[in-house]
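Observations on chain architecture
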Amino acid sequence: MAKAAAGRSKAGGSGLRLVIVESPTKVASIASYLGDGYIVESSRGHVRDLPTGAAEVPAKYKGEKWARTGVDVEHDFEPLYVVAQDKKATMRSLKDALAQADELLLATDDDREGEAIAWHLLQELKPKVPARRMVFREITPKAIADAVANLRDLDTDLVDAQETRRILDRLYGYEVSPVLWKKVMPRLSAGRVQSVATRLVVERERERIAFRTASYWDLDAVLDAGDGAEPPHFPARLTRVGDRRVAQGRDFDSRGQLLTRSNEVLVHLDEAQTRTLSSSLETAPFSVVGVDSKPYTRKPYAPFRTTTLQQEAGRKLGFTAQRTMSVAQDLYEGGYITYMRTDSSVLSDTAINAARAQVTQLFGASYLPASPRVYANKGKNTQEAHEAVRPAGDTFRTPAQTGLRGDQFRLYELIWMRTIASQMKDAEGFSTTVRIEATPAGAEPCTFVASGRTLTFHGFLKAYVESSDEPDSSGDDAQTRLPQLTEGQSLRAESLTPAGHETRPPARYTEPSLVAKLEELDIGRPSTYASIIRTITSRDYVFKKGSALVPTWLAFAVTRLLEEHFPALVDYKFTAQMEDTLDEIANGNAARVAVLTDFYFGAGGKRSTDANGEPGPDAPVISEEDLAGHEGLQRLVSELGDIDARRLSTFPVGDLGSTVVVRVGRYGTYVEDADGRRANVDDELPPDELTYELAQELLSKPMGEERELGTDPETHRTVVAKQGRFGPYVTEVLEEDAPKSAKPRTGSLFASMSVDSVTLEDALRLMSLPRVVGTLDGEEVTAQNGRYGPYLKKGTDSRSLESEDQIFDITLEQAEAVYAQPKQRGRAAAKPPLAELGPDPVSGRPMVVKEGRFGAYVTDGELNATLRRDDDPTTITAERGAELLADKRAKGPAPKKTTRRAPAKAAKKAPVKKAAASKTAATKAPAKKAAAKPRATASAPTS
DNA sequence: CAGTGAGCGAGCTTCCGCTTGACTT
């Protein structure tokens, strides 16, 4: 056992070493292995990160133009790191522990992220005592002792690789998402992982939409092998007619066309042909023309890693990825299994020994291979900080011995069985193919094939059989038995059944199959697989239908935008290539700044500018080849004007030449035909079910949410209530032959009314507005409802009313009194302040907290600053108030906004379903003009 | 996707990967 060398520290000479690991669940066992002389603490994951939003940016950096992303792209992509609020307590206790120690051992995980956590700890703790790096991949007394005996220095290249990954992800996410806010809808998101995950789901749906079914027929026979055969009957299928092979599902392409392969002639049977063939074969003699038997072996599956665990728990137990991880977390914390977030299938020696011992004990020595089975890791980018997911300990407890129950029992049992099976012998047996011929009178010979599989030794299948996503596929342990058959043997057809089949479109992804695909593409990490699905569902890109993941039309629109304008970013190979580059950085063969420059400013390097807008001294000369290379993220993001959101959000319905389109719009998804007729499309209608016929059906029905209230007794017109752009309103239906210029009367509902409950009487009153109250100063005074609520109008002079009912009640005398008051600025009357904070240290004026249109804000009478999400208006301190005002002062006056006439493209709102269509919502801040300053470099590329 | 009139404190949304509580029901 290693002991700290004592006596060299000034921190009290305690002789104590502080060991910091990532997970608190490891603390107790490591502390017990290390013994006296050590304090063991945990960082609970990362301790610092780039700021999430403005609230986390220190006041000092608030004014910087890179404060929003936290990455200063113009100065070597220098990142700004902050300790998040919920990490402060952890840092405090680590600092306290460090104060007692005279050496620091950073024992975070042995991978890229772990190395970075160690570096951040070092940066934040600023130890005055020596700090070393300690790594281990197994928590056993020996492994821990070895780790202490083999300390190393921090690997700064590896840290660089992690920072590059982090910065790249931030720039991608925080630069591209705002493009979607401006072009599609607010609150959308894009990212290296989620955008590709969404694209995969969209791509699969596109295939399904384009898919055309083919139907084909074949002939199933049940043959009789004669008395004494076991089994006496067996199935066989027609495979050839003469020289031609009978077409099967795999012989058709996705358009329903028969594939032509060079050296093979196919016959595509239809129902009539098959029936004719069937009856002509009824009397024909059948005989065996070939028997081919081959040995069959099947290797066990590798032990679980995160993805395979999620897949199998999904298939066998019906768990979502999230539920699997949560149950696994419980098992891990209870000491039942090893760490559940891993990309490794490797078992430690201890685990192999435990598994082998249990195989012998439970199944006997005949099931144990002579030497341990070794499983290689999946891809080259595996990060091997942890071993496979397996039962914990030097010996494995059987599920019954654990005393676990419910979900925990079932998941443990699954993990246990899989681990045991991985150290068992192969399954062995034979697979047999029998060819049978029958020749109808005066026709070509027909070939039937029967295949069978028998297991002579179950091997690992005794313990574990993997499940499949395909509903009609049989498991690895399935056997089909054929009777003993010899060449030349005669058979009798017991029955002949023509069978029709149809090709099926590719199946949608499920949670586990999408995760498996992402893993294959090297996208995402074990700790994030479950949350990827959560992200794309919570953004409404994808929804679940049963277990299938179905994309929305919104996902189609966003994916198309990214594919056309950011093609490199949604390339399926993007992450894999990034990983290669990160490996280069980790190996010291590439520089972080160069990689990020290439990504952000494009091939050809940084095109920085000096104060005069001239190329900076470090701007490299850009060659023609470089220009032909790729554009950087910055330039792509700045080309907002080129993005035609309406076109990208519009998709044809049905086959080519159809004039009906489906479009993702501000108020949801709708179909539109050439005449401009529109109808809403249910958000949960799978895109591949939106056929031309269905679209026509939707278009022929009136738009939803409309309710007939009755007939106006005076005009005999139908009065309806419906949901509109500015909220619910009532209107009348004009006669068919009404002139085009005729406008129906309308009226917004009062807050107290709803489309469902409003009466005809209410509606007629609303439509009668404005109401003439009387005449004042020779001008007519009217009362009406407007976008800011009820008001009076006299010529160009308007005054707000307090309640909607006053529109109908107010008398001329009362109106006169209203106009006698001076015109009020702002809201009716100033509300009393929520709190008084004393004088502002800068202006000297008293600070008060008030409730305003956008929530609580603090003001010194001149400058106002909205309280942040975490501030409580009633308990806020003077200090914090002054800080907010100082922030605001530092930012300077808000940039002048230009009003856009039509809200058409920008500032899209959420779909109708969620949009509480309030009047104020319609008056939302006008869209900021895309500030696309042309770059003033001499070498701007011309394409 | 109906069409009416002021002037006002805007600020925030978003990424990926490491890890658990501290909350609520």
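All values reported here derive from a predicted model rather than from experimental measurement. (Residues numbered from 1 in each chain as written. Chains lettered and ligands numbered in written order. Predicted model: local features only at pLDDT ≥ 70, side-chain atom pairs only at ≥ 80, totals over all residues. Heavy atoms only, no water.)

1. Notes on the overall build of chain A
- A count of helices and strands for chain A gives 25 helices and 32 strands.
- A burial count over chain A gives 45% of its 943 residues as buried.
- For chain A, the share of sequence-separated contacts (at least 6 apart) that also reach a separation of at least 24 residues comes to 66%.
- When the accessible surface of chain A is totalled, it reaches about 48500 Å², and 49% of it is carbon and sulfur. (Helix = DSSP H or I, 4+ residues; strand = E, 2+ residues; numbered from the N terminus. Buried < 20%, exposed > 50% of the residue type's maximum accessible area, 1.4 Å probe, protein only. Contact = heavy atoms within 4.5 Å. Areas by Shrake-Rupley, 256 points an atom, 1.4 Å probe, with all protein chains shown as cover.)

2. Digging into the UniProt feature "domain: Toprim" (unreviewed entry) in chain A
- The UniProt record annotates "domain: Toprim" (unreviewed entry) at residues 16–140.
- Annotated as 30% helix and 17% strand, the span residues 16–140 places its first and last C-alpha atoms 21 Å apart. (UniProt positions renumbered as here; feature names shortened; annotations may be inferred.)

3. Brief notes about the pattern of salt bridges
- Counted by the stated rule, this structure contains 58 salt bridges.
- Note that Asp49 is salt-bridged to Arg166, the shortest N-O span being 2.8 Å. In this pair, Asp49 sits in the loop between strand 2 (38–42) and strand 3 (71–72) while Arg166 sits in helix 5 (residues 156–183), placing the two residues 117 residues apart along the sequence.
- Under the relative-accessibility criterion, Asp49 is labelled partly exposed at 31%.
- In this structure, Glu579 and Arg112 form a salt bridge, with 2.9 Å as the shortest nitrogen-oxygen distance. Taken together, the residues Glu579 in helix 16 (residues 574–586) and Arg112 in helix 3 (residues 112–125) connect sequence positions 467 residues apart. Each member of the pair, Glu579 as well as Arg112, carries the same accessibility label: buried. (Salt bridge = Lys/Arg side-chain N within 4 Å of Asp/Glu carboxyl O.)

4. Considering unusual backbone geometry
- Here the residue pair Glu230 and Pro231 is connected by a cis peptide bond, since its omega of -5° sits within 30 degrees of zero.
- Topologically, Pro231 is positioned in the loop between strand 7 (215–224) and strand 8 (233–241).
- Between Leu769 and Pro770 the backbone carries a cis peptide bond, its omega angle lying at 0°.
- With respect to the secondary-structure elements, Pro770 resides in the loop between helix 22 (760–767) and strand 25 (771–776).
- One non-glycine residue with positive phi stands out, namely Arg187, at about 70°.
- Following the sequence through the fold, Arg187 ends up in the loop between helix 5 and helix 6 (194–210).

5. Description of helix 8 (residues 306–317)
- The terminal C-alpha atoms of helix 8, which comprises 12 residues, lie 15 Å apart, in line with the 16 Å expected from a rise of 1.5 Å per residue.
- Burial runs high along helix 8: 10 of the 12 residues are buried.
- If you check which residues of helix 8 are buried, you get Thr306, Thr307, Thr308, Leu309, Gln310, Gln311, Glu312, Ala313, Gly314 and Leu317.
- Looking at the packing, one finds that the buried side of helix 8 touches helix 9 (321–333), helix 12 (406–421), helix 13 (511–520) and helix 14 (529–538). (Expected span 1.5 Å × (residues − 1).)

6. Things to note about the confidence of the model for chain A
- For chain A, the mean per-residue pLDDT works out to 85, and 87% of the residues sit at or above 70.
- Of the regions scoring below 50 in pLDDT, residues 1–11 engages in 17 contacts with residues more than four places distant in sequence or in other chains.
- Residue range residues 606–628 is modelled with pLDDT below 50. Its contacts to residues more than four positions away, or to other chains, number 36 contacts. (pLDDT = per-residue confidence, 0-100.)

7. A short note on the nonpolar core
- Counting residues in each nonpolar core, the largest one holds 78 residues, and the members touching the most others are Phe566 and Val671.
- Among the elements that take part in this core, helix 5 stands out by supplying 10 residues, more than any other.
- Contact partners of Phe566, with chain neighbours within four places excluded, come to Val176, Val179, Leu561, Leu633, Leu636 and Val637.
- Listed in part, the 46 residues of the second largest apolar core include Phe319, Met325, Ile337 and Leu368. (Core = buried A, V, L, I, M, F, W, Y, C linked by side-chain atoms within 4.5 Å.)

8. With respect to the sheet that holds strand 25
- Across the sheet, four strands lie side by side as 25-26-27-28; this open sheet has antiparallel pairing. Both outer strands of the open sheet, strand 25 and strand 28 (797–800), are each paired with one neighbouring strand and no more. On average, adjacent strands in this sheet sit at an angle of 25° to one another, irrespective of strand direction.
- Alignment of strand 26 (residues 779–786) against strand 27 (residues 789–794), held across six bridges, turns out to be antiparallel. Looking at the pairing, Gln784 lines up with Tyr791 of strand 27. (Pairing = 2+ DSSP bridges. Axes fitted to C-alpha atoms, helices over the stretch in contact; angles between N-to-C directions.)

9. A closer look at the sheet that holds strand 23 (residues 727–732)
- Taken together, four strands build an open sheet; the order of strands is 21-22-23-24 and the sheet is antiparallel. In the strand order of this sheet, the two ends are held by strand 21 (707–711) and strand 24 (746–748), each with one partner. Averaged over neighbouring strand pairs, the angle between their axes works out to 25° when direction is ignored.
- Alignment of strand 23 against strand 24, held across three bridges, turns out to be antiparallel. Of the residues in strand 24, the one forming a bridge with Thr731 is Thr746.

10. Digging into the packing of aromatic side chains
- Inspection of every chain in the model, using the stated rule, returns 20 aromatic pairs.
- Consider the rings of Tyr336 and Tyr412, whose centres lie 6.5 Å apart with planes at 75°: the pair is edge-to-face. Taken together, the residues Tyr336 in the loop between helix 9 and helix 10 (349–363) and Tyr412 in helix 12 connect sequence positions 76 residues apart.
- A relative accessible area of 18% means that Tyr336 is categorised as buried.
- Their ring planes at 50° and their centres at 6.3 Å tell us that Phe574 and Phe599 sit as a pair that is tilted. Residue Phe574 is found in helix 16, and its partner Phe599 is found in helix 17 (residues 592–601); the two are separated by 25 residues along the sequence. Each member of the pair, Phe574 together with Phe599, is buried. (Phe/Tyr/Trp six-rings, centres within 6.5 Å; stacked < 30°, edge-to-face > 60°.)

11. Considering the environment of Ser547
- Positionally, Ser547 belongs in the loop between strand 15 (542–545) and strand 16 (548–551).
- Ser547 sits in the partly exposed class, given a relative accessible area of 47%.
- The residues touching Ser547, leaving out its near neighbours within four places in the chain, are Tyr509, Thr510 and Glu511.

12. Observations concerning the pairing of strand 21
- Pairing analysis gives four bridges linking strand 21 to strand 22 (residues 718–724), with the strands arranged antiparallel. What sits directly across from Glu708, in strand 22, is Val720.
- What sits between strand 21 and strand 22 in their antiparallel hairpin is a turn of six residues, with His716 showing a positive phi close to 60°.

13. Observations concerning the side chain of Arg305
- Along the chain, Arg305 falls in the loop between strand 11 (286–298) and helix 8.
- Side chain to side chain, Arg305 and Glu519 meet in a polar contact 2.7 Å long. (Polar contact = N/O pair within 3.5 Å; in protein donor to acceptor, adjacent residues only side chain to side chain.)

14. Points about the packing of helix 5 against helix 17
- At their nearest, the axes of helix 5 and helix 17 sit 10 Å apart, and the two run at 15° to each other. Considering the angle they form, helix 5 stands roughly parallel to helix 17. When you trace helix 5 past helix 17, the crossing you get is right-handed. In this structure, helix 5 contributes Asp160, Glu163, Thr164, Ile167, Leu168, Leu171, Tyr172 and Glu175 to the contact, and helix 17 contributes Arg592, Val595, Leu596, Phe599 and Tyr600.
- Here the residues of the contact of helix 5 with helix 17 are counted per class, giving eight nonpolar, one polar and four charged. (Parallel < 35°, antiparallel > 145°, perpendicular 65-115°, else oblique. Left-handed = near helix turned anticlockwise from the far one by under 90°. Nonpolar A, V, L, I, M, F, W, Y, C, P; charged D, E, K, R; others polar.)

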